[in-house]
Amino acid sequence: MSTPESQNPSASDLTTDDASSVSKSAAKKAAKKAAKEAKKETPAAAAPSLAVDEQDPLASNYGEVPLVELQSKTAEDVSHWTEVGHLTNALENQSVLIRGRAQTIRAVGNKMSFVVVRERGFTVQCVVTVQPDTVSRQMVKYVAGLSRESIIDVEGVVSVPSVEIKGTTQQVEVQVRKLYCVSRAAVLPINIEDAARSDVEIEKALQAGETLVRVNQDTRLNNRVLDLRTPANQGIFRIQSQVGNIFRQFLISEGFFEIHSPKLIAGSSEGGAAVFKLNYKGQEACLAQSPQLHKQMAICGDFGRIFEIGPVFRAEDSFTHRHLCEFTGLDVEMEIKRHYSEVMDVVGPLFVAMFDSLNKNCAKELEAVARQYPFQPLKYLPETLRLTFEEGVQMLKEAGVEVDPFGDLNTETERKLGQLVLEKYGTEFYILHRYPLAVRPFYTMPCHDNPAYSNSFDVFIRGEEIISGGQRVHVPELLTERAQALGIDVKTISTYMDSFRYGAPPHGGFGVGLERVVMLFCGLNNIRKTSLFPRDPLRLAP
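Computed from a predicted structure; not experimentally measured.

Quick notes on the rules
Residues numbered from 1 in each chain as written. Predicted model: local features only at pLDDT ≥ 70, side-chain atom pairs only at ≥ 80, totals over all residues. Heavy atoms only, no water. Helix = DSSP H or I, 4+ residues; strand = E, 2+ residues; numbered from the N terminus. Buried < 20%, exposed > 50% of the residue type's maximum accessible area, 1.4 Å probe, protein only. Contact = heavy atoms within 4.5 Å. Areas by Shrake-Rupley, 256 points an atom, 1.4 Å probe, with all protein chains shown as cover. Core = buried A, V, L, I, M, F, W, Y, C linked by side-chain atoms within 4.5 Å. Pairing = 2+ DSSP bridges. Phe/Tyr/Trp six-rings, centres within 6.5 Å; stacked < 30°, edge-to-face > 60°. Lys NZ or Arg CZ within 6 Å of the ring centre and 35° of its normal. Arc of directions from axis to C-beta.

Each helix and strand in the protein was counted, giving 17 helices and 17 strands. Looking at the protein as a whole, 48% of its 542 residues qualify as buried. Sequence-distant contacts, at least 24 apart, represent 69% of the contacts inside the protein between residues at least 6 apart. Counting every atom, the protein has about 27200 Å² of accessible surface; 51% of that belongs to carbon and sulfur.

Turning our eyes to something else, we now look at the nonpolar core. One broad rule of soluble globular proteins: the nonpolar side chains tend to lie buried together. Of all hydrophobic cores here, the largest spans 56 residues; its most connected members are Phe247, Leu251, Phe351, Phe457, Ile466, Ile467 and Phe510. Top element by residues in this core is helix 11 (residues 341–361). It accounts for 10 residues. Apart from residues no more than four positions distant in its own chain, leucine 251 is found in contact with Phe256, Phe307, Val332, Val346 and Leu350. If you look at the next biggest cluster of nonpolar residues, it comprises 26 residues, including Val96, Val135, Val158 and Val172.

Bringing the pairing of strand 10 (residues 283–287) into the picture now. Looking at chain direction, strand 8 (residues 264–265) and strand 10 are connected through two bridges and run antiparallel. Following the sheet pairing, isoleucine 265 is matched in strand 10 by cysteine 286. The pairing of strand 9 (residues 277–280) with strand 10 spans four bridges and is antiparallel. Bridge pairing links tyrosine 280 to glutamine 283 in strand 10. Between strand 9 and strand 10, which pair antiparallel and follow one another directly, the connecting turn spans two residues, one of which, lysine 281, has a positive phi of 55°.

Once that is clear, we can look at the packing of aromatic side chains. The full count for this structure, using the stated rule, is 14 aromatic pairs. Each ring, one from tyrosine 496 and one from phenylalanine 500, has its centre 5.1 Å from the other, and the planes form 90°; the classification is edge-to-face. Each member of the pair, tyrosine 496 as well as phenylalanine 500, is classed as buried. Within the aromatic cluster, the residues linked to one another by ring pairs are Phe351, Phe355, Tyr380, Phe429 and Phe521. The residue whose ring lies beneath arginine 440 is tyrosine 435, and the NZ or CZ to ring-centre distance is 4.5 Å.

Next up on the list: helix 13 (residues 389–398). Every buried residue belonging to helix 13 is among Phe389, Gly392, Val393, Met395 and Leu396, and all of these are buried. Mapping the buried residues of helix 13 onto a view down its axis gives an arc of 160°, with all of them on the same face. The secondary structure elements touched by the buried residues of helix 13 are strand 13 (385–388), helix 14 (411–425) and strand 14 (429–433). A positive phi of about 90° marks glycine 400, the residue just after helix 13.

The next point concerns the environment of glycine 508. Within the fold, glycine 508 resides in strand 17 (residues 507–513). Residue classification places glycine 508 among the buried residues on the basis of a relative accessible area of 0%. Taking the C-alpha atoms as reference, glycine 508 lies 6.5 Å from glutamate 335; in sequence the two are 173 residues apart. Excluding its chain neighbours within four sequence positions, the residues that come into contact with glycine 508 are Val332, Glu333, Met334, Ile336, Val343, Gly470, Gln471 and Arg472.

Purely spatial values, then, with no claim about function.
Structural data, given as structure tokens:
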């Protein structure tokens, strides 16, 4: 990443004449950069400081863990290990064994070193002080020479300092007796502290005349493994895990069960050209844009109520903040008795239960996210608001926004409507239904009273669409007519079409993107922040 220092010549490049014309400040920066570059070019130079002094009588208390000891040499009871997050005042004066990353290392003279050890987002300060029977000066020197992010084992005694420890999650210290390096980290391409810094912190520093490193999104994604170690990312993906868990548990409690549909299919599942095509043993195939066709076929197989959590592929050249070429779909399909509102009766309680659970059980994770990416908690009602598409259009018109009453809403109008709904109803989560048929997929059931509209709905969070759903066409003749009208080759989905010829119950369902739910619940500005290893039109690695 480019910094102001990179514009200055190195100290070795400055002649006497040049130096006289360069300010003292610039010269200092140049010297600092030269030293930094020299250090980067010779990382092996740090090795001698990590070598164990064989003459040290306490040499067995520190050093590199031999490979043979890391090859599952012997089975061992691991109950004596303590997680960093469990280190509390209750363990005062007790001996503990922990493993984590050396987040920061700071030497204080040649008799003391501090190491902040991090394990899964929790941090504790470890103090290495020369002691006659356990810690030698050589050991202090060894610890001071460790590289940041190395994985280390620390054995020591828990102490409770009289003053608050700033910069760690745990308010205890570990007085180190033994320390071993399990895996030494190379020079880092990005620092975790830089990657964890908020824009607010950077702006405050700029106002104070200081410059802090800002790690841009491409740099983060190019070094995703390191970026994932930040507290915010630890929080984001634990929240994402909970979204999936709540989705699954709620639906199971409502009589649904999980299926797994194929991702290699013969034809488009949504219509349009945005599919990834491939050769399947001499046949043309594509990656499924959704599990739509197969979850409907499962309903025709008398499964009644089903859901799926799995990958979805879209070949769209979308470079927006909310589109990916691969994402995780949360899909639901169910028989209905009379009205497509039965599907919305599942959507509302499902997401209210999800939001309630996240706020209650993921408080620490949400706090970690908010420290780096500040956001306001989502506003939602106990009973989810429902508006018809026509009502939404009318609200926009009254606000001076002209929209096509039979067209789709673009991103700008969605956000405007979200703002209007929040002002009028006090919620950022609502359902908009009875969409124009022209903007819905071929399998969407037209309205009984006006074929220009459909029995379908979208769901919004913070003014952005997260769910699309509705009643499906289960009558084969109408389904064929709708598919042909949208230019879909019926031959490529013949098995799907045939499944409705043997008696199909009325049914409906919906699909939602996992990454988009987390992005909007946490008020994040880009979906790539909630995708573990994002796939967009330009990114296929890491």
